Amino acid sequence: QVQLVESGGGLVQAGGSLRLSCTASMSGNINKITRMGWYRQAPGQQRDLVASVISGGATNYADSVKGRVTVSRDNTNNTMYLQMNSLKPEDTAVYYCSARGVHYRGYEYDYWGQGTQVTVSS
């Protein structure tokens, strides 16, 4: 199992910044976390990728956030961060942390956090 604890959401004015954190804790037969990512879901919308980072550090961003968002990861404590700058009202959504855990036999499973609300006022 992988438990994900998110923090850092809140209310911010347009143009402001927020930093989200997600810490992953492994248990059972999961002995490695490879890919971690942030997704977001606005009311009535599908859940979409915001940014992801693999254990080697390579990152990927949605076009809508490129240049405004930076994802990073501390592998020593399996914590991922999302620094969001120049926030826009359309960034308002519930942000979910995701992690891919690897079973000692090689199976992979995706785990999700509970989500943290980000609201950007105009």
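Preceding this section is the structure that the text describes.
Residues numbered from 1 in each chain as written. Predicted model: local features only at pLDDT ≥ 70, side-chain atom pairs only at ≥ 80, totals over all residues. Heavy atoms only, no water.

Peer 1: Looking at this structure, how should I read the pairing of strand β8 (residues 79–84)?
Peer 2: On a regular strand, one side chain projects to one face of the sheet and the next to the other, so that they alternate. Counting buried residues along β8, five of its six residues qualify, which places the element largely inside the surrounding structure. Sheet analysis places strand β3 (residues 18–26) next to β8, joined by six bridges and oriented antiparallel. Among the inter-strand pairings, C22 is bridged to a residue of β8, identified as M80. When strand β7 (residues 69–74) meets β8, the two strands line up antiparallel, connected through six bridges. In the sheet register, V69 faces β8, and the bridge partner there is M84. Linking β7 to β8, which pair antiparallel, is a turn of four residues; within it N78 sits at a positive phi near 50°. (Buried < 20%, exposed > 50% of the residue type's maximum accessible area, 1.4 Å probe, protein only. Helix = DSSP H or I, 4+ residues; strand = E, 2+ residues; numbered from the N terminus. Pairing = 2+ DSSP bridges.)

Peer 1: What is the right way to look at the pattern of salt bridges in this model?
Peer 2: Any two side chains of opposite charge can pair, given that their charged atoms come close. For the coordinates displayed, the defined rule picks out four salt bridges. As a salt-bridge pair, R68 and D91 come within 2.8 Å of each other at their nearest N and O atoms. Of this pair, R68 sits in the loop between β6 (59–61) and β7 while D91 sits in the loop between β8 and β9 (93–103), placing them 23 residues apart in sequence. Residue classification places D91 among the buried residues on the basis of a relative accessible area of 2%. Ionic contacts of the salt-bridge type, sharing partners, join the residues R40, R68 and D91 into one network. (Salt bridge = Lys/Arg side-chain N within 4 Å of Asp/Glu carboxyl O.)

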